[in-house]
Amino acid sequence: MEATDKAMPAGQSASLTVTASIEALSQCTEFVTAHAVEAGFTPSRLCEIELVVEEIVANICRHGYNDQPGEVELRCRHVDTQRLLLEFIDCGLPFDVLAAPPPDLTADLDQREVGGLGVPLIRAMVDEASYQREGNRNILRLIVRAER
């Protein structure tokens, strides 16, 4: 794990690079939580942001590399005193989580496909989101506000 952090004025960023494995989830959530606390996020908002980070990193680890070794880079930047920019960067399979169709929540439980609830969760808990594929890299950018 590589990390550069400590107190960040607006515009500066910190990054964390971890092996794309479920074991890295706690490192990723701790990294983002530290910066969110610094930005004044409320405890309930911190829980929401941790859920978002866990969902995204878990999906990269489970699906991005098809059981091959890989890495996830997580960048965090204070946009201003109330907003954080989170960037999730990986070299896994191309996947735009924002373009994934929402699950059919009207179907009976036994008729639904497993999974698919993470996308609406992410959309509901972030304030802005964008995805792009640059070369062989997926880049998911999320802006989260300290208060909702």
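Preceding block: the structure.
Bear in mind that the values here come from a model prediction, so they are computed numbers and not experimental data.

Novice: Could you clarify how one ought to interpret the overall build of the protein in this entry?
Specialist: Within the protein, the regular secondary structure consists of three helices and six strands. Reading the helices (α) and strands (β) of the protein from amino to carboxyl end gives β-β-α-α-β-β-α-β-β. Looking at the protein as a whole, 39% of its 148 residues qualify as buried. Within the protein, contacts between residues at least 6 apart in sequence are counted, and of these 66% link residues at least 24 apart. For the protein, the exposed surface amounts to about 8,300 Å²; the carbon and sulfur share of it is 51%.

Novice: Explain helix H2 (residues 43-64) to me, please; I cannot follow it from the model alone.
Specialist: Count 3.6 residues to each turn of an α-helix, and residues three or four apart come out pointing the same way. Across its 22 residues, H2 extends 31 Å between first and last C-alpha, which sits within 8% of the 32 Å expected from 1.5 Å per residue. In this structure, the buried side of H2 is in contact with helix H1 (25-38), strand E3 (71-80), strand E4 (83-90), helix H3 (118-125) and strand E6 (137-145). Asn-66, located one to two residues past H2, shows a positive phi value of around 45°.

Novice: Hey, could you run me through H3 in this one?
Specialist: If you check which residues of H3 are buried, you get Gly-118, Val-119, Ile-122 and Met-125. Seen from one end, H3 has its buried residues packed into an arc of 145°, which puts them on one side. Tucked inside the fold, the buried residues of H3 contact H2 and E6.

Novice: Would you mind going over the pairing of E3 with me for this structure?
Specialist: When a strand is regular, its side chains alternate between the sheet's two faces. Where strand E2 (residues 13-19) lies against E3, seven bridges are found, and the strand directions are antiparallel. Counterpart to Val-18 in the pairing with E3 is Val-72. In textbook terms, the turn of a hairpin is the stretch between consecutive antiparallel strands, and for E3 and E4 this stretch comprises two residues.

Novice: Where do I start with the environment of Asn-138 in this structure?
Specialist: Among the structural elements, Asn-138 can be located in strand E6. Separated by 42 residues in the primary sequence, Asn-138 and Asp-96 place their C-alpha atoms 7.9 Å from one another. Every residue in contact with Asn-138, bar those within four places of it in the chain, is listed here: Phe-88, Ile-89, Asp-90, Gly-92, Leu-93, Pro-94, Phe-95, Tyr-131, Gln-132 and Arg-133. At 3.3 Å, the side chain of Asn-138 forms a polar contact with the backbone nitrogen of Phe-95.

Reading the values: the criteria
- Residues numbered from 1 in each chain as written.
- Predicted model: local features only at pLDDT ≥ 70, side-chain atom pairs only at ≥ 80, totals over all residues.
- Heavy atoms only, no water.
- Helix = DSSP H or I, 4+ residues; strand = E, 2+ residues; numbered from the N terminus.
- Buried < 20%, exposed > 50% of the residue type's maximum accessible area, 1.4 Å probe, protein only.
- Contact = heavy atoms within 4.5 Å.
- Areas by Shrake-Rupley, 256 points an atom, 1.4 Å probe, with all protein chains shown as cover.
- Expected span 1.5 Å × (residues − 1).
- Arc of directions from axis to C-beta.
- Pairing = 2+ DSSP bridges.
- Polar contact = N/O pair within 3.5 Å; in protein donor to acceptor, adjacent residues only side chain to side chain.

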